[in-house]
Each structure stands twice: as structure tokens, then as C-alpha cells.
Amino acid sequence: MNTTIPTEYTVNLPWTESPFFEADFSKANLDEATASQVRHFAEQGYLIFDPQIPMSVIDEAREQAEPLIPSTHANSRIQDAWKTVSAVQKIAAAPRIMDILRVLYRREPIPFQTLNFAVGTQQRTHSDSIHFNSIPQRFMCGVWVALEDVRNDNGPLHYFPGSHKLPFYDLVDMGMKGTVAKTTEEVYGKLYPRYEDFIAAMIEANGLKKTVLNMKKGQALIWSANLLHGGEPIQTPGSTRHSQVTHYYFKDCIYYTPLRSDSVPDRLYIRQITNIANGEVIKNKYFDEELSQTNEGYSSRMNIPPILLRIGGLIPASLRAKLKKFRG
Ligand SMILES: O=C(O)CCC(=O)C(=O)O
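Please read all numbers here as calculations on a predicted model, not as lab measurements.

Definitions and limits used
- Residues numbered from 1 in each chain as written.
- Predicted model: local features only at pLDDT ≥ 70, side-chain atom pairs only at ≥ 80, totals over all residues.
- Pairing = 2+ DSSP bridges.
- Helix = DSSP H or I, 4+ residues; strand = E, 2+ residues; numbered from the N terminus.
- Axes fitted to C-alpha atoms, helices over the stretch in contact; angles between N-to-C directions.
- Contact = placed C-beta atoms within 7 Å.
- Expected span 1.5 Å × (residues − 1).
- Buried ≥ 20, exposed ≤ 12 C-beta atoms within 10 Å, placed from the backbone.

Chemist: Explain the sheet that holds strand S5 (residues 140-146) to me, and be specific about the residues and the numbers.
Modeler: Strands sit in the order S1-S8-S5-S10-S3-S2 across an open sheet of six strands; the sheet is antiparallel. Each edge of the open sheet is held by one strand with a lone partner, namely strand S1 (46-49) and strand S2 (77-79). Here the average twist between neighbouring strands, direction ignored, is 20°. Relative to strand S10 (residues 243-250), strand S3 (residues 109-117) is paired through eight bridges, and the arrangement is antiparallel. The residue of S10 that forms the bridge with asparagine 116 is glutamine 244. The strands touched by helix H2 (residues 32-44) are S1 and strand S8 (220-224); relative to S1, the strand with the most contacts, the crossing angle is about 140°. The sheet contacts of helix H5 (residues 95-105) involve S1, S3, S5, S8 and S10, and relative to S3 the element is tilted by about 125°.

Chemist: Got a sec to walk through helix H6 (residues 184-206)? Specific residues and values, please.
Modeler: Taking 1.5 Å per residue as the helical rise, H6 with its 23 residues ought to reach 33 Å, and the 31 Å between its terminal C-alpha atoms agrees with that figure. By the burial criterion, the buried members of H6 are Leu191, Tyr192, Tyr195 and Ile199. The first or second residue beyond H6 is glycine 207, which carries a positive phi of 60°.

Chemist: Before we move on, can you summarise the sheet that holds strand S7 (residues 211-213) with the specific residues and values?
Modeler: Strands in a sheet are paired, the pairing made by backbone hydrogen bonds, and the direction either parallel or antiparallel. If you walk across this open sheet you meet the three strands as S7-S6-S9, and the pairing is antiparallel. At either end of the open sheet lies a strand with only one pairing partner, and these are S7 and strand S9 (229-231). Across this sheet, the average inter-strand angle for adjacent strands is 30°, counted without regard to direction. The sheet contact formed by strand S6 (residues 157-159) and S9 spans three bridges and is antiparallel. Counted as the bridge partner of tyrosine 159 is histidine 229 from S9.

Quick look at the structure:
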């Protein structure tokens, strides 16, 4: 496998999600097997492969993570068991997984979170982009490893092939602000169910087709950041479905949580527009909040009144530079 990471990016997106993918692909010089994996991932947004993790590591992760999983409710999980269970850490950093991610993303992968499950999650369909996003976008993926055979009856994973090509739907697109939720309970009690309802309705409206995944113990699936996926109902009550998901970011990005964010970074270059029909100067509005900024330019936390901006020319340049630094 060719694992060379080019130092220049043709576009500031994963090359497998780039509008120039075909041109890049034709120059990529990959062996046949790797080329077919790359094309599949680019087109479908997921890839099933053998991560070549020794069975002893798979068994150890399962045995040592299981007692850490709270048994109080069916969907329980242990987050970040890698901190105490070395087999979980070995799966997260498995050389074959890291190599394949380098090829698919052309940046250094960073495993940053593990989740170990003993039973199927029965999670509603979602894309990980709402939990873990990046600037530049889409430099994130999940790798799901079966720690036992997964069948139709023990709560298999499902996904929507090709759905990674849909737009990323942020909270603002659903009329929500992440900052209104002050606690994790509020995020998952109020915002997240509305997000899940939106995704379910969007899937139905677009007639998207679901695939259910049966996997052999030891096999792995990579899903790209925006691929819609979730967990099927458990048909055999009491059946186990041991699995590990590791979430990866890639180097040199901003990493953030859309579910807790508003889409109003303070570095937007704000426009002041006038309605040609009636001459009205239009206020910038985010939901029912009017931006207090009245000048065209970058928004900032501390707004300078227009009168001060007008007399700004009288302030010595050195003082202006200091003030600018202070405003950020
Ligand atoms: O394992 C599953 O059933 C789903 C896991 C999942 O959706 C996730 O970790 O994002």
C-alpha cells in the first residue's frame, strides 16, 4: 500500500470528498487493491476492510472493556476505555487502520475517542458531523470494529451508502442554536431529538436507501464524517453485540462540536445591505437577535460606535494598532 502523504493539498477538503477527485485519482499511482478501496470510499462514503488486528487483541478488548460498561440500561457504553485497557488503545491505533486513513485523507489521522459497546446501540440515524466537526470540514471519520459476529438479529449497524455527499445539516438549518443548551442533558434531551427527527424526515423525503451490515468478528468499517448511520433494533432479546468505535480527526484543523455551537464565528466579514426597493438599511439578524455592528467589516466582540470609527483617522497610528490588537 502506498502511504505517502503529499505535503500540498490540491483543495482544502479530504481528496476523497473533493470536486477534483477524478483528476487527483488518475494521478494517484495506487496499486489496484488500494485504488478500488479509495474509489469505493469516495463514492459510497464507507469502506469495509480487514484491519488485521490479532484475534488475541480483539478478545482482550472485549473481555476487559465489558466489566467497565455500566449495566444499568440496554444502550450502555464505555467511553475512552483506551485509557485503562491497552487492547482498546491498540485497536484505535492499529497500523493497518492508520495506514488506510492516511491514504483516504492524505493527512495524519488522530484517534481521539473510543466507545465500547456490549449490545447493539439501536441508535437513530445520524451523521457524526453534528457531534465532531472540523474546519476545514470533513476531516473526521469513525472506524467500527466488530468484536464478535454481527447478525441481523443482534442489533447490526445500518448506513445509507452515498449519503456523505448530502450537505452537512447544522443546527441553524433546523432553526436551533447550540448555545441555548447549557448542559449535556439539555443537548441530548432537547436539541438532539429534534436533529434526529429532522434527519429521519429528510431521509424519507429523499427516499434514501438503507443498508444493514452483517460483519464477521475482527472486520472493520470506516464511515466518513457525514455518512448517515445508526443501529438496528435488537431482534433477539438479551443478545450481545460487542463492538468498538474509534473516532478520528486529522491533523491541522480546528475541531469543534456543532451540537454545542452557534454558527456565528466572530470573524465573519459582515455586509451592510440596503434594500433597493425602498432604500431601507437592513440589519443583520441571527434568529431574533440583531447584530449591534453597524459598519461593514469583521464582527468583533467589542463593537466600536460609528462616531469613534469616523474620528479614528485622528488617532495616532501606533495607538490605533494597539486598540486593534486589543479588539482581536
Ligand atoms: O454501533 C452502533 O450501533 C452505532 C454507533 C454509532 O452510530 C456511533 O458511534 O456514531
